[in-house]
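Okay, here's what each chain looks like letter by letter:
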Amino acid sequence: MVRPLGVAVVGFGWMGRVHTQAYLRVRHHYPHLALRPELVTVAEDVPGRAEEAAARYGFASTARDWREVAADPRVAAVSVTAPNFLHREIGVAMAEAGKHLWIEKPVGLTVADASAVADAVAKAGVQGAVGFNYRNAPAVEAARELIASGGIGGITHVRIRLFSDYAAHPEGALTWRYERERGGSGVLGDLASHGADLARHLLGDITSLTADTAVFVPERSRPLGATAGHTRATGGEPGPVENEDYVSCLLRFASGARGVLEACRVSVGEQNNYGFEVHGTAGAVFWDFRRMNELGVSRGTAYQDQPVSTVYVGPGDGEFGAFQPGAANAMGYDDLKVIEAYRFLRSVAEDTPYGATLADAVRSAAVLDAMTRSAESGAWVNVTSA
């Protein structure tokens, strides 16, 4: 029997819309799911935005204050897609109110923030999911299985890249994302957090690292009104960019493998150039998010001059079969969030975690914390959880 589950979305920028659409689509792709999400309320403090969301997507009610959501008995599960500095307060409050929690990364500004939310979720006995969406790509799951099975031998090294141009324009508005107090880290929390999660997801725990960061666009104009996404601003009061545009990092894994992680939000000419190259003693596997449904795979016994084949993922890989009937039929970014919604709702239905959890968020945050400490000291540092 299918049970209704009242859900709410707190914060309705782009990611709030993506979560909402995932709730609306999830049962189309997973008709066997034991829960049916029902859009109860949307909370947003920008005037008119919640009302627009309700009219467009069918939320039963709206709220200006997220505390109304925590107190609403109709709501059993909450998506938190508000700005980073609010994640700890909202996440802890929702867990303490008995709400299951799907929260975007990074979970707060520090590893202590992520740990506080994880502890609240554990204490309340609710389920918690985190928005590490790239691990949900069927090709990434196929790569993980190939690596774990020894299909490319013992892993020697990995390179992970996350290059984007969303902050490259000098007229990009000085929003909360560029402030330490509200945004915390810059490209570390935004992009490198995904890289840290992918590194762990594919190769296991990171034990130590050394990192370097830089700010390449040091000043921006403050917006004159409400913003959503990465908008431009001119004529506003100029202010300093307080967190990093760029990070490069050398990694050491518990397995003995080595890695390079590089991320940048001001890379002119790069649009969502995210991916990895994993090398082993007998082969390699390559993934590029812009060709999300393909893997480059090198396997065999030649070692030298060994060719690379393009493999198209299909219904046997990850959750591909819930979206497409055969290999080489493309999936897209929003599909990854539908997978994430499914795993979150399945966790709630079965009281068993599926997909990325708050524990994964804490481990990613610990890697980001180590990057910050290393960039400040110029030294190798150990990765430790809070």
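Everything that follows concerns the structure shown earlier in this document.
Calculation notes
- Residues numbered from 1 in each chain as written.
- Predicted model: local features only at pLDDT ≥ 70, side-chain atom pairs only at ≥ 80, totals over all residues.
- Heavy atoms only, no water.
- Helix = DSSP H or I, 4+ residues; strand = E, 2+ residues; numbered from the N terminus.
- Rg over C-alpha atoms; globule rule 2.2 N^0.38 Å.
- Buried < 20%, exposed > 50% of the residue type's maximum accessible area, 1.4 Å probe, protein only.
- Contact = heavy atoms within 4.5 Å.
- Areas by Shrake-Rupley, 256 points an atom, 1.4 Å probe, with all protein chains shown as cover.
- Lys, Arg positive; Asp, Glu negative; His and termini not counted.
- Charge placed at Lys NZ, Arg CZ, Asp CG, Glu CD.
- Phe/Tyr/Trp six-rings, centres within 6.5 Å; stacked < 30°, edge-to-face > 60°.
- Polar contact = N/O pair within 3.5 Å; in protein donor to acceptor, adjacent residues only side chain to side chain.
- Pairing = 2+ DSSP bridges.
- Axes fitted to C-alpha atoms, helices over the stretch in contact; angles between N-to-C directions.

A. Summary view of the overall build of the chain. Within the chain, the secondary structure is distributed over 10 helices and 17 strands. In summary, the chain has a C-alpha radius of gyration of 21 Å against a globular reference of 21 Å for 386 residues, a match within 12%. Over its C-alpha atoms, taken along the principal directions, the chain stretches across nearly 65 × 55 × 40 Å. Within the chain, the fraction of its 386 residues that count as buried is 57%. Taking as baseline every contact in the chain between residues at least 6 positions apart, the subset at least 24 positions apart corresponds to 70%. Total accessible area computed for the chain in this model is approximately 16,000 Å², and 48% of it derives from carbon and sulfur atoms. Within the chain, the 44 negative side-chain charges are centred at a point lying 3 Å from the centre of the 36 positive side-chain charges.

B. Up close: the packing of aromatic side chains. For the coordinates displayed, the defined rule picks out 15 aromatic pairs. Note on Phe12 and Phe59: the rings are 6.3 Å apart at their centroids and 90 degrees apart in plane angle, and the pair reads as edge-to-face. Here Phe12 is found in the loop between strand E1 (3-10) and helix H1 (14-29), whereas its partner Phe59 is found in the loop between helix H2 (49-57) and strand E3 (61-63), with 47 residues between them in sequence. Each member of the pair, Phe12 together with Phe59, is buried. Taken together, the ring pairs in this structure connect Trp14, Tyr134, Tyr274, Phe276, Trp287, Phe289 and Tyr333 into an aromatic cluster.

C. Quick peek at the side chain of Arg135. Here Arg135 shows up in the loop between strand E6 (128-130) and helix H6 (138-148). Here the side chain of Arg135 touches Asp197 through a polar contact of 2.8 Å, side chain to side chain. Not counting chain neighbours up to four residues away, the residues in contact with Arg135 comprise Val140, Glu141, Asp197, Leu198, His201, Gly355, Ala356 and Asp360.

D. Seen up close, the side chain of Ser185. Mapped onto the fold, Ser185 is located in the loop between helix H7 (180-183) and helix H8 (187-203). Its relative accessible area of 16% is what places Ser185 among the buried residues. A polar contact of 3.0 Å, which involves the side chain of Ser185, links it to the backbone nitrogen of Gly189. Look past the residues within four positions of Ser185 in its chain and what remains in contact with it is Arg177, Arg180, Asn243 and Glu244.

E. Seen up close, the sheet that holds strand E4 (residues 77-80). The sheet built from 6 strands is open, its strands ordered E3-E2-E1-E4-E5-E6 with parallel pairing. If you trace the sheet from one side to the other, it starts and ends with E3 and E6, each paired once. Averaged over all adjacent pairs, the angle separating strand axes in this sheet is 25 degrees, with direction ignored. Pairing between E1 and E4: 4 bridges, direction parallel. Residue pairing for E4: Ala8 is matched across the bridge by Val78.

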